[in-house]
Amino acid sequence: MAAYDKADLERRMHGAVESLKGDLGGLRTGRASTSLLDPVTVEVYGAHMPLNQVATVSAPEPRMLSVQVWDKSNVGPVEKAIRSAGLGLNPINDGQTLRLPIPDLTEERRKELAKLAGQYAEKARIAARNVRRDGMDALKTDEKKGVFGEDERKRHENEVQKLTDNTIADIDAAAATKEKEILGK
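Remember, predicted model here, so these are calculated numbers, not experimental data.

Novice: Would you mind going over the pattern of salt bridges with me for this structure?
Specialist: Working definition: two side chains of opposite charge can pair if their charged atoms are close together. One pass over the full model with this rule turns up 17 salt bridges. For Asp8, the salt bridge identified is with Arg12, shortest N-O distance 3.8 Å. Here Asp8 and its partner Arg12 are both found in helix 1 (residues 6–25), four residues apart, which amounts to about one turn of the helix. A relative accessible area of 24% means that Asp8 is categorised as partly exposed. Lys123 is paired through a salt bridge with Asp23; the nearest N and O atoms lie 3.7 Å apart. Placement of Lys123 in helix 3 (residues 107–145) and of Asp23 in helix 1 is noted, with a sequence separation of 100 residues between them. Here the salt bridges share partners, and the residues they tie into one network are Asp8, Arg11, Arg12, Arg133 and Asp134.

Right, here's the structure in full:
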């Protein structure tokens, strides 16, 4: 049984890119996006639950999010969770609905967010490199076991390197796009 599995490496590298896109989607630009509240967890019924399991999040206007809480007794905890999530949002309580005006971004906050996007991208690059390392290790193990020879190992190493280079290019492109969007350029 060969330890090297190209499909698994591709899946894991694709996962790193998708994870980055999710992280970047949660970064606030000047526009309202429901994915902005994805990282928010609410303490209700004695457990921490994702916001989307206790309320419906919508963006009725370009600069406003609306959070329709299903159970009236959860409005307080939801409001508290949004305030303490570090997103710079102040919910306005309208009974069972919370309105979240999206404030303009200051230049300083834009720079912080762009820096954060860079950190997310670096995390994704590291994940891709770790997958590459695992693949290279598996190839060396397979060669030692006699699954294939040195020439085939080198050919596979080139494939893994190409896959890594393409993945990192995707990561850099996604991060650059988001930084441009954040900085409003």
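Novice: Please explain the environment of Gly25 as it appears in this structure.
Specialist: Following the sequence through the fold, Gly25 ends up in helix 1. Take Gly25: its relative accessible area is 23%, and that puts it in the partly exposed class. Residues Gly25 and Leu36, spaced eleven residues apart in sequence, show a C-alpha to C-alpha distance of 6.8 Å. The contact partners of Gly25, leaving out residues within four places of it in the chain, are Ser33, Ser35, Leu36 and Lys178.

Novice: Mind showing me how you'd approach the sheet that holds strand 5 (residues 92–94) here?
Specialist: Backbone-to-backbone hydrogen bonds join strands into a sheet, with any given pair of strands oriented parallel or antiparallel. If you trace the four strands from one edge of the open sheet to the other, you get 3-4-6-5, paired in antiparallel fashion. With partners counted over all chains shown, the strands left at the sheet margins are strand 3 (55–61) and strand 5, one partner each. Geometrically, the sheet is characterised by an average inter-axis angle of 25 degrees between neighbouring strands, direction not taken into account. By the bridge criterion, three bridges tie strand 5 to strand 6 (residues 97–101) in an arrangement that is antiparallel.

Novice: What's the story with the nonpolar core in this structure? I'm lost.
Specialist: Within soluble globular proteins, side chains that are nonpolar tend to cluster in buried spots. Core analysis: the biggest nonpolar cluster contains 21 residues, and Leu37, Leu51, Val67, Val78, Ile82 and Leu89 have the highest contact counts within it. Those elements giving two or more residues to this core turn out to be strand 1 (41–44), strand 4 (64–69), helix 2 (75–83) and strand 6. Once residues lying within four places of it in the same chain are set aside, the contact partners of Leu51 are Leu37, Val40, Thr41, Val42, Val57, Val67, Val78 and Ile82. In this structure, Leu20, Leu105, Ala117 and Ala128 belong to the second largest nonpolar core, which totals 15 residues.

Thresholds applied
- By convention here, each chain's residues receive numbers from 1 onward along its written sequence.
- Owing to the predicted nature of the model, reporting of local features is limited to residues with pLDDT of at least 70; listing and counting of side-chain atom pairs is limited to 80 or more, with chain, interface and lining totals taken over all residues.
- Hydrogens are left out, water is left out, and the side-chain values use all remaining heavy atoms of the structure.
- We count a salt bridge whenever a side-chain nitrogen from Lys or Arg sits within 4 Å of a carboxyl oxygen from Asp or Glu.
- Secondary structure elements follow DSSP: runs of H or I of four or more residues count as helices, runs of E of two or more count as strands, with numbering from the N terminus.
- Summary of the burial criterion: residues with accessible area below 20% of their type's maximum are buried, those above 50% are exposed, and those between are partly exposed, where the area comes from a 1.4 Å probe applied to protein chains only.
- Contacts are assigned to residue pairs that have any heavy atoms within 4.5 Å of one another.
- Think of it this way: DSSP has to see at least two bridges between two strands before they count as a pair.
- Fitting a line to C-alpha atoms yields each axis, with helices limited to the stretch in contact; the angle taken between N-to-C directions then spans 0 to 180 degrees.
- Throughout, nonpolar core names a set of buried Ala, Val, Leu, Ile, Met, Phe, Trp, Tyr and Cys residues whose side chains join them through atoms within 4.5 Å.

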